[in-house]
2 protein chains.
Amino acid sequence: MNSPAAGATRQKLIEAAIDLFRRHSVAGTSLQMISDELGLTKSAIYHHFRTRDELVSTIMEPVVDELEKLVEAAEAQRGPRVQAESMLAGYVALAVAHRDLFPILSGDPGVADLLRQRPRWAAIVKRQADLLAGAEPGTSGQIRAAIVMSGISSAVGVAFDGVDDRELRDELVTTARRTLNLRTPRR
Amino acid sequence: MNSPAAGATRQKLIEAAIDLFRRHSVAGTSLQMISDELGLTKSAIYHHFRTRDELVSTIMEPVVDELEKLVEAAEAQRGPRVQAESMLAGYVALAVAHRDLFPILSGDPGVADLLRQRPRWAAIVKRQADLLAGAEPGTSGQIRAAIVMSGISSAVGVAFDGVDDRELRDELVTTARRTLNLRTPRR
């Protein structure tokens, strides 16, 4: 097997996996189901991914890396309101850019398991929630952050396929700014 | 097997199922896993539920019935803003009363499948979204309703175990009213 063909198979495996995750959740999808979907043998898939977690990590890794950069950029801003605005704009752009993935990954127990196993990932998500909650610390802020994070992840999903990226981004930012009480700057 | 014992087994099956759904998602949980968890034979579980869908339906049916009553009560109100307020208050109370269930069910592909198979259920969820979106029809309103519905379902989850029911209800209603732009009545 030459390298471009292996790369193409790897990409096909990832695409088939995302499609199956959408239909059966991450936890409900086995490597066997993915190889069956593509008519591959199990050894063909093991050549690329030894476990489902390894496959999910491969899909999530670049998204978490992007999220980390957004968290760092927001933390570099001054003042909790500006930090929250920065985090929100970045998160909405990321979610809309990965419309196919966010509704699948958010709230899936298989993904939650991976987050628990990877303290670096869990810490990034925690920093994101703290930034979004920042303008209002305590339980109130954390509840708002939770609504915004999971609400946005779901809202970029299939129900809004007809809405273009820019409109969806604008609507989500406008709505989430209200949710987070960021409308009228207090100084 | 006498009837009280059968009822107790049925209840144990439901509780074990909810616990497994939390860990593995609905789609990732088989009847076999549930019977293994309880040390029962597969025939013992088949005596109560022939398929996983039947079990999930048994868990969801009373919640959907409650939701339907809330939708009907909201639709009986006059004016889209009052209808949205009524639907929101009812939905938050329902989600907080079923804290263990809502974060599991919302967004699970196994549950989404069941909704597609049951037009009555899908219609109730659609009416709920329309009521929440009511104050602002079109895409904007639908996106806000989606954020509120999935945001609330997730936010009642494990992260806020320490927050009591009343505080959680108040926070969710206050936040979601802002999300839905219900703060200042326009007449």
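Residue numbering note: each chain is counted from 1, following its sequence as written. To label them, take the chains in the order written and letter them from A, then take the ligands in the order written and number them from 1. Given that the model is predicted, a residue must reach a pLDDT of at least 70 before its local features are reported, and side-chain atom pairs must reach 80 or more before they are shown or counted; all residues, however, enter totals for whole chains, interfaces and linings. Side-chain measures were taken over the full set of non-hydrogen atoms in the model, leaving aside hydrogen atoms and water.

- Under an unreviewed UniProt entry, the name given to chain A is TetR/AcrR family transcriptional regulator, and the organism recorded is [Mycobacterium] fortunisiensis.

What about the domain arrangement of chain A?
Residues and elements named next belong to chain A.
Next up, step 1: Annotation of chain A at the domain level lists domain 1 (1–50) and domain 2 (60–179).
Next up, step 2: The centre of domain 1, based on its C-alpha atoms, is set 28 Å off from the matching centre of domain 2.
Next up, step 3: Whether two residues touch is decided by their heavy atoms; if any such pair falls within 4.5 Å, the residues are in contact. If you look at the interface, domain 1 gives six residues, while domain 2 gives six residues.
Next up, step 4: Around 510 Å² of area is buried between domain 1 and domain 2 when both sides are counted, 75% of it from carbon and sulfur atoms.
Next up, step 5: Buried area: the accessible area, evaluated with a 1.4 Å probe, that two parts lose upon being put together, summed over both parts. By the criterion of area lost to domain 2, the three top residues of domain 1 are I18, R22 and V26, representing 73% of everything that side buries.
Next up, step 6: A side-chain nitrogen of Lys or Arg and a carboxyl oxygen of Asp or Glu constitute a salt bridge if their distance falls within 4 Å. The interface formed by domain 1 and domain 2 contains zero salt bridges.
Next up, step 7: Under the scheme applied here, ten amino acids are nonpolar (Ala, Val, Leu, Ile, Met, Phe, Trp, Tyr, Cys and Pro), four are charged (Asp, Glu, Lys and Arg), and all others, including Gly, are polar. For the side of domain 1 that touches domain 2, the class distribution of residues is four nonpolar, one polar and one charged. Domain start and end points were adopted from an automatic or database domain assignment.

As for the relation of the copies chain B and chain A
Next up, step 1: Structural alignment of chain B on chain A gives an RMSD of 0.0 Å, achieved by rotating through 180° and translating 0.0 Å along the axis. Both copies of the chain, as the preceding transformation shows, are related through a two-fold rotation axis. For chain B, the residue whose C-alpha comes nearest the rotation axis is G28 of chain B, separated from it by 1.8 Å.
Next up, step 2: When the interface residues of chain B are mapped onto chain A, 100% of them again fall at the interface, so both copies present the same face. The copies were overlaid by least squares, fitting only the C-alpha atoms of residues that reach a pLDDT of 70 or more in each copy.

Observations regarding helix α8 (residues 119–133) of chain A
Residue and element names in this part refer to chain A.
Next up, step 1: Only runs of H or I of at least four residues qualify as helices and only runs of E of at least two qualify as strands under DSSP, and these elements are numbered from the N terminus. To estimate the expected span of a helix, subtract one from its residue number and multiply by 1.5 Å. In a regular helix each residue adds 1.5 Å, so 15 residues correspond to 21 Å; α8 covers 21 Å between its end C-alpha atoms and thus fits that length.
Next up, step 2: What α8 keeps buried is the set W121, I124, Q128, A129, L131, L132 and A133.
Next up, step 3: Summarising the contacts, the buried residues of α8 are in contact with α4 (52–75), α5 (80–97), α7 (109–117) and α9 (139–155). Buried, partly exposed and exposed residues are distinguished by accessible area as a fraction of the type maximum, computed with a 1.4 Å probe on protein chains only: under 20%, between the cut-offs, and over 50%, respectively.

Examining the environment of R23 of chain B
Next up, step 1: Tracing the backbone through its elements, the reader meets R23 of chain B in helix α1 (residues 3–24).
Next up, step 2: Judged by its relative accessible area of 36%, R23 of chain B falls in the partly exposed class.
Next up, step 3: The spacing of R23 of chain B and V148 of chain B is 125 residues in sequence and 24 Å in space, taken between C-alpha atoms.
Next up, step 4: In this view, R23 of chain B contacts P109 and D113 of chain A together with E37 of chain B; residues no more than four positions away in its chain are not counted.

Some thoughts on helix α5 (residues 80–97) of chain B
Residue and element names in this part refer to chain B.
Next up, step 1: Along its 18 residues, α5 runs 26 Å from first to last C-alpha, staying within 8% of the 26 Å computed at 1.5 Å per residue.
Next up, step 2: All buried positions along α5 are accounted for by R81, Q83, A84, M87, L88, G90, Y91, V92, L94, A95 and V96.
Next up, step 3: Looking at the buried positions of α5, the neighbouring elements they touch are α4 (52–75), α6 (102–105), α8 (119–133), α9 (139–155) and α10 (165–179).

Quick look at the UniProt feature "domain: HTH tetR-type" (unreviewed entry) in chain A
Next up, step 1: In the numbering adopted here, UniProt assigns the feature "domain: HTH tetR-type" (unreviewed entry) to residues 7–67 of chain A.
Next up, step 2: Taken end to end, residues 7–67 of chain A is 77% helix and 0% strand, and its two terminal C-alpha atoms sit 25 Å from one another. UniProt positions are given in the numbering used here, feature names are shortened, and annotations may be inferred rather than shown by experiment.

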